[in-house]
Amino acid sequence: MIIAMDGPAGAGKSTVARRVAEELGLAFLDTGAMYRAVTLQVLEQGVHPSDGPGCARIAEELELGFDEGGHILIEGKPGEPDIRSRTVTLNVSAVSAHPGVREAIVTQQRRIASALAGVVAEGRDTTTVVFPDADHKFFLDATCEERARRRALQESAPERYEVILADIIRRDRLDTTRAHSPLTRAPDAQLIDADGKGVEDVVREILAHVGRPS
Ligand code: DC
């Protein structure tokens, strides 16, 4: 069973996907964490994020996996919280735009999923490129303002709202206009509008579509 969930940064995909996986007893595949892990390694090795072949080489060589709680392991070691740093966040769009990086990571994502009974995969392109034949596809959307408001709340930093909003708008532009696997809604993905809804409301909506109302 594969459930794939796409959507823009900050719409609550990770939290929702993690909860859906929990409810259904499936593994959670956080694909954004994988691109963040590559970016972290790129920065640590002093490779420039615009160096496509350099970034691709790192993506090909890096051994990525997940622990039982769905948290990323880089070469067997926990990647949290380093993969969430602001430097990684600012550079991940550039690194993940390289076709060589995407090919290497998509291969790893399919390998990880094929070793499991079922997954909830979350991230851009999971419904279009990685798992086009997924059993269920969802596109979780929310306005830029709502997403910035949530991030600011999450970080307990309401004063950073404007900075966060600017980051989100910038990342959306990069993610939707890139040549390779841009962020788009698959025509057969169910649109879920997360504006003004709590996590549990969205989870219930998704479980109802999957056929197991909570
Ligand atoms: O969901 P996130 O914020 O952790 O994702 C980090 C970045 O990785 C995001 O800016 C776009 C990129 N990404 C991607 O290109 N493809 C994916 N499947 C997941 C994330």
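Residues numbered from 1 in each chain as written. Predicted model: local features only at pLDDT ≥ 70, side-chain atom pairs only at ≥ 80, totals over all residues. Heavy atoms only, no water.

As for the overall build of the chain
- Within the chain, the regular secondary structure consists of nine helices and eight strands.
- Radius of gyration (C-alpha) of the chain: 16 Å, near the 17 Å computed for a compact globule of 214 residues.
- The C-alpha extent of the chain, read off along each of the three principal axes, is 50 × 45 × 30 Å.
- The long-range share in the chain, meaning contacts at least 24 apart out of those at least 6 apart in sequence, stands at 72%.
- When the accessible area of the chain is evaluated, it comes to approximately 9900 Å², of which 54% is carbon and sulfur surface.
- Of the side-chain charges in the chain, 26 are positive and 34 negative, and the distance between the mean point of each set is 2 Å. (Helix = DSSP H or I, 4+ residues; strand = E, 2+ residues; numbered from the N terminus. Rg over C-alpha atoms; globule rule 2.2 N^0.38 Å. Contact = heavy atoms within 4.5 Å. Areas by Shrake-Rupley, 256 points an atom, 1.4 Å probe, with all protein chains shown as cover. Lys, Arg positive; Asp, Glu negative; His and termini not counted. Charge placed at Lys NZ, Arg CZ, Asp CG, Glu CD.)

So, the confidence of the model for the chain
- Model confidence for the chain is summarised by a mean pLDDT of 92, while 99% of its residues fall at 70 or above.
- Averaged over each element, pLDDT in the chain is lowest for helix 8 (residues 161-177) (90) and highest for helix 3 (residues 52-61) (98). (pLDDT = per-residue confidence, 0-100.)

What about the pattern of salt bridges?
- A full pass over the atoms with the stated rule returns 17 salt bridges.
- For the salt bridge of Asp167 with Arg86, the shortest nitrogen-to-oxygen distance reads 2.7 Å. In this pair, Asp167 sits in helix 8 while Arg86 sits in helix 4 (residues 86-96), placing the two residues 81 residues apart along the sequence.
- Residue classification places Asp167 among the buried residues on the basis of a relative accessible area of 16%.
- Taking the relative accessible area as the measure of exposure, Arg86 reaches 41% and is therefore partly exposed.
- Sharing partners across several salt bridges, the network here consists of Arg19, Glu22, Glu23 and Glu200. (Salt bridge = Lys/Arg side-chain N within 4 Å of Asp/Glu carboxyl O. Buried < 20%, exposed > 50% of the residue type's maximum accessible area, 1.4 Å probe, protein only.)

Details of the site of the ligand
- Surrounding the ligand, one finds 15 residues, the nearest of these being Thr31, Arg36, Arg102, Arg124 and Arg171.
- Arg124 has a polar backbone atom sitting 2.5 Å from a nitrogen atom of the ligand.
- Between the ligand and Asp125 there is a distance of 3.1 Å, counted from a nitrogen atom to a side-chain nitrogen or oxygen.
- Look at the ligand: alone it shows 450 Å² of surface, and the protein chains cover 98% of it.
- Elements with a minimum of two residues in the shell around the ligand: helix 2 (31-44), helix 4 and helix 8.
- Of all the elements, helix 2 adds the most residues to the shell around the ligand, at four residues.
- For the shell around the ligand, the per-class residue count stands at two nonpolar, five polar and eight charged. (Near = heavy atom within 4 Å. Polar contact = N/O pair within 3.5 Å; in protein donor to acceptor, adjacent residues only side chain to side chain. Nonpolar A, V, L, I, M, F, W, Y, C, P; charged D, E, K, R; others polar.)

Regarding the sheet that holds strand 1 (residues 2-6)
- Strand order in the open sheet formed by five strands is 2-6-1-7-8, with parallel pairing between adjacent strands. In this open sheet, the two edge strands, each paired with only one partner strand, are strand 2 (27-30) and strand 8 (190-193). Recorded for the sheet is a direction-independent mean angle of 20° between the axes of neighbouring strands.
- Bridge count for strand 1 against strand 6 (residues 119-122) is four bridges, and the pairing is parallel. Note on strand 6: the bridge partner recorded for Met5 is Glu122.
- Packed on one face of the sheet, helix 2 meets strand 2 and strand 6 and runs near 45° to strand 2.
- Along the sheet, helix 9 (residues 199-210) contacts strand 1, strand 7 (136-141) and strand 8; its crossing angle with strand 7, the most-contacted strand, is approximately 155°. (Pairing = 2+ DSSP bridges. Axes fitted to C-alpha atoms, helices over the stretch in contact; angles between N-to-C directions.)

Considerations on the nonpolar core
- Core analysis: the biggest nonpolar cluster contains 33 residues, and Met34, Val38, Leu64, Ile72 and Ile105 have the highest contact counts within it.
- Breaking this core down by element, the ones donating at least two residues are helix 2, helix 3, strand 3 (64-66), strand 4 (72-74), helix 4, helix 5 (99-114) and strand 6.
- No other element matches helix 2, which puts seven residues into this core.
- When sequence neighbours within four positions are dropped, the list of residues in contact with Met34 reads Leu29, Leu64, Phe66, Ile72, Ile105, Gln108, Gln109 and Ile112.
- By size, the runner-up hydrophobic cluster in this structure holds 20 residues, among which are Leu26, Ile192, Val203 and Val210. (Core = buried A, V, L, I, M, F, W, Y, C linked by side-chain atoms within 4.5 Å.)

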